[in-house]
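Residues per chain, in single letters:
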Amino acid sequence: MKSRTVRRVGLSIAVGTALASVAACGGSSGSTGSSGKDDKAVGKGTAHVSPIAALRSAEQSTDKADSAKVESSTVLGSLMSMDAKGNLGWSDGISGTLTMNYTGGTMADAMRAAGSTSMEARYLPDAYYAKMGEKFAEQAGGKHWIKYAYDDLAKLGGSSGAYLKDQMQNSTPNQSVKLLLASGDVKKVGAESVRGQQTTHYSGTVNVADLASKNSNLTASQLAGLKKQLTSAGVSTEQVDIWINAKDLLVKKVEKGEMSSGEYTQTAYYSDYGVKVEATVPPASDTEDFMTLLKKQGVTPGSADTATGSGTSS
């Protein structure tokens, strides 16, 4: 496989796999809160509980649940459209397994060139692993898995990489609830049915750079770098919508915003809280480290070739 193709596919996977987990567990993206064809409004809520009090209760209940079955979809302008589903836990960072399908955009084209638009991702405390198809294995030394260490992600992506690493290791589904609490701009929309469950819909607008400072462990210099990168990408504010059920658990979240390259949206549904989560490290003999893969292709990790993180260079 040519150096540039490996770099493009590898970075596409890195970005897509990371975003799938961040989308599922709450991160930084936004939404109009449109409910979808299987969700419908059922009238105004009757409980006289303030939005802040209700969200604080939902934040605590969701955090304590430790795991859930997740279905998510992500669209990043013309870059990527992707669906993911699986079981994720968050008692000690993100763990679990997701099956992802790239459905459109330049990332889907890169995956198609590698032989498959679907893959399995396993999330563990210090890294995640992406399982590729046979075509990729034939062209990349016979190994099917690629390891992405979170420390390496931070090196590859600069300030945005540091933020991504932080979110990958610390995000939980109640992050979306925390975003609304931190925004100072949250309102109760009303009672709605989501996949047969009675829920209360809340909505608000958050400043992306501000939420990073409130919702991460980045240093001042890393936050400054992230804000600069967000500004360059045209990202400023996003809308966050969440739906909470009668047990004060998050059932759905939608985030939506604008980038210079187009609109981005992330939607996630949560069910079966407390579900068993499994994720094992793939066999070392069948796994290639991404940084090692780059070096074999003559690419210097951390250089301009890899620092963009877009995975779309040709």
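**Concerning helix α3 (residues 105–113)**
1) Next: Residues Met107, Ala108, Ala110 and Met111 constitute the buried set of α3. Mapping the buried residues of α3 onto a view down its axis gives an arc of 160 degrees, with all of them on the same face.

**Overview of the pairing of strand β6 (residues 127–131)**
Looking down a regular strand, the side chains alternate between one sheet face and the other.
1) Next: Most of β6 sits inside the fold, with four of its five residues counted as buried.
2) Next: Pairing analysis gives four bridges linking strand β5 (residues 118–123) to β6, with the strands arranged antiparallel. Across the sheet, the residue bridging to Tyr123 is Tyr128, located in β6.
3) Next: Once β5 ends, the chain turns through three residues before running back antiparallel as β6.
4) Next: As paired elements, β6 and strand β7 (residues 145–149) share five bridges and run antiparallel to each other. Following the sheet pairing, Ala127 is matched in β7 by Ala149.

**So, the confidence of the model for the protein**
1) Next: Residues with a pLDDT of 70 or more make up 64% of the protein, whose mean pLDDT is 75.
2) Next: Within the protein, no element has a lower average pLDDT than strand β1 (residues 39–41), which sits at 43, and none a higher one than strand β8 (residues 186–194), at 94.
3) Next: Confidence drops under pLDDT 50 across residues 28–48; counting only partners more than four residues distant or on other chains, this segment forms 66 contacts.

**Looking at helix α6 (residues 175–183)**
1) Next: Every buried residue of α6 is listed here: Gln175, Ser176, Val177, Leu179 and Leu180.
2) Next: Gly184, located one to two residues past α6, shows a positive phi value of around 75 degrees.

**A few points about the nonpolar core**
1) Next: Ranked by internal contacts, the top residues of the largest apolar core, which has 47 residues, are Tyr102, Tyr123, Tyr202 and Ile242.
2) Next: Look past the residues within four positions of Ile242 in its chain and what remains in contact with it is Leu55, Ser176, Val177, Leu180, Thr200, His201, Tyr202, Leu250, Lys252 and Lys253.

The rules behind these values
Residues numbered from 1 in each chain as written. Predicted model: local features only at pLDDT ≥ 70, side-chain atom pairs only at ≥ 80, totals over all residues. Heavy atoms only, no water. Buried < 20%, exposed > 50% of the residue type's maximum accessible area, 1.4 Å probe, protein only. Helix = DSSP H or I, 4+ residues; strand = E, 2+ residues; numbered from the N terminus. Arc of directions from axis to C-beta. Pairing = 2+ DSSP bridges. pLDDT = per-residue confidence, 0-100. Contact = heavy atoms within 4.5 Å. Core = buried A, V, L, I, M, F, W, Y, C linked by side-chain atoms within 4.5 Å.

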